[in-house]
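These are the residues of each chain, in order.
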Amino acid sequence: MSTSTHYAALVIGSGQGGTPLATAFAKAGHKTALVEATHVGGCCINEGCTPTKTMIASGRVAYLTRRAADFGVHTRDIKVDMEKVRQRKRDIVESFRSGSERRLKDGGVTLIRGTASFVDDKTVRVRGTDGEQTISADRIVINTGARPVIPRLEGLDTATFPEGTVLDSTTIQELGVVPNHLVVIGGGYIGVEFGQLFRRLGARVTILQRNAQLLPREDSDVAATLWRILKEDGITVHFNATPTRITTSAAPHSMHPVTLTVKFHDGAEIELQSSHVLFAAGRAPNTDTLNPGAAGVSLGPGGYVKVDEQLRTTNPRIWSIGDVKGGPAFTHVSYDDYRIVQRNLITDTSSSAATITDRDLLTTYVVYTDPQLGHIGLHLHEAQARFPGVALQVATMPMNYVARALETDETRGLMKAVVNKESKRILGFTCLGLEGGEIMSVVQMTMVGGLPYTALQNAMFSHPTLAESLNNLWGFLKDV
């Protein structure tokens, strides 16, 4: 049975931007609905940040336990209970998800379960387990997110492979056993995090990277340092490598039921036998069932929603936030999208509009390898392209110059900063090192405040802290 209801505001998708935005609309007195097709909270708390970092914490405990003798502590044989790792992850996800559901209810938002598609620019049709209903709204926000994609590959028919052997970034988190040999296709952020995690849990791990370096966005020296760390951890990385074919063994209970044919850029080929394969080399926006054309909403390359500086789509009555509008695909970016739309539509409509203009100059992210890779602002190659003719300086300092890292025997990695030589303003900073994300956040405060690097160079930090290293980094500055 189809029903129809009108709302002042409709948010499609309950990600980390959509949920607080719907609540903000409702608390401001607007009748608000939120449509969610799967789990409240979106990718971050269900399949992304929360569960993966929970599992990575288990991997770090296993790693430190194996290193216990380095610190004079001797332990017995280590055993990883993958079902316990999985259950711990599930419990934390459920806690976060139920909290999001409770906040929506307490905020007065009507939660509608189902998949939404546009009928026109004011109306959507929602198909759910309880039937179909039509919803109209004065304002609509698209927050449908993105999903992992398994590429087309000769021989890949998941129905013919043993269950749970062909994986993406969501399904790998539900493994109840440690793989014997995990092949990770993709050497980006997702691939290196999962590769190191499962190596620490006890798997043999091979990463296939189609480019000449891991993490292609990073400066080459940072990427090379991470590669050396993964190699030290026992992970094999094949560069310039593309899988061309995948097959499965007919032998029952085989330890390595999956065979991958891999071709290198120079024409050479190898075959890899594995127990599991993780496809970690791409995501796609959830716009294929949205029917955006019916609402006058245009899509850009890859199917992402086109938006302007205020996050309006090509229909000025419809906005889009989060991963579905294109990268950078980070939770904190989605949350900042929410803040921009909230200010422009709810809390500060009379002043100048908030925009995403130049937001990339202060955008941050953390890759949860161990050590972490924290970054803010521009990489060196980006700064050179963004500011041609500006004199730049670069400082690079290895983590084994950091007292706290030496004391904890966690000296792998480096720090790197790019500065404007004349103004002394920091344009970008990377820390691949112990608690790299936290060190980056100290630099972030300096950049947000518009202070020169000398503010860090001359600051009095507590000793011995990791932040204290920011006194010394600038002594390595050199002209580019």
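Everything below is about the structure printed above this text.
Let me sum up the structure you'll find in this document. These numbers were taken from a predicted model, which means no experiment stands behind them.

Here's the deal with the pairing of strand β19 (residues 372-377)
Part 1 of the reasoning: Across the six residues that make up β19, a large majority, six, are buried.
Part 2 of the reasoning: As paired elements, strand β18 (residues 364-367) and β19 share four bridges and run antiparallel to each other. Of the residues in β19, the one forming a bridge with threonine 364 is isoleucine 376.
Part 3 of the reasoning: Hairpin connection, β18 to β19: the antiparallel pair is bridged by four residues.
Part 4 of the reasoning: Relative to strand β22 (residues 426-433), β19 runs antiparallel, the two being bridged by six bridges. Its bridge partner lying in β22, isoleucine 376 is registered against phenylalanine 429.

Re the sheet that holds strand β23 (residues 478-479)
Part 1 of the reasoning: Spatial strand order, β18-β19-β22-β21-β20-β23: six strands in an open sheet with antiparallel pairing. For this open sheet the edge positions go to β18 and β23, each flanked by a neighbour on one side alone.
Part 2 of the reasoning: Alignment of strand β21 (residues 414-420) against β22, held across six bridges, turns out to be antiparallel. Across the sheet, valine 418 pairs through a bridge with glycine 428, a residue of β22.

With respect to the sheet that holds strand β11 (residues 236-238)
Part 1 of the reasoning: Reading across the sheet, the five strands line up as β8-β15-β9-β10-β11 and stay open at both edges, with parallel pairing between neighbours. On the outer flanks of this sheet lie β8 (166-167) and β11, each paired with one strand and no other.
Part 2 of the reasoning: The pairing of strand β9 (residues 181-185) with strand β15 (residues 276-279) spans four bridges and is classified as parallel. The residue of β15 that forms the bridge with valine 184 is leucine 278.
Part 3 of the reasoning: Running over the sheet, helix α5 (residues 189-201) touches β9, β10 (204-208) and β15 and is turned about 165° from β10.

Thresholds, definitions, all that
- Residues numbered from 1 in each chain as written.
- Predicted model: local features only at pLDDT ≥ 70, side-chain atom pairs only at ≥ 80, totals over all residues.
- Heavy atoms only, no water.
- Buried < 20%, exposed > 50% of the residue type's maximum accessible area, 1.4 Å probe, protein only.
- Helix = DSSP H or I, 4+ residues; strand = E, 2+ residues; numbered from the N terminus.
- Pairing = 2+ DSSP bridges.
- Contact = heavy atoms within 4.5 Å.
- Axes fitted to C-alpha atoms, helices over the stretch in contact; angles between N-to-C directions.

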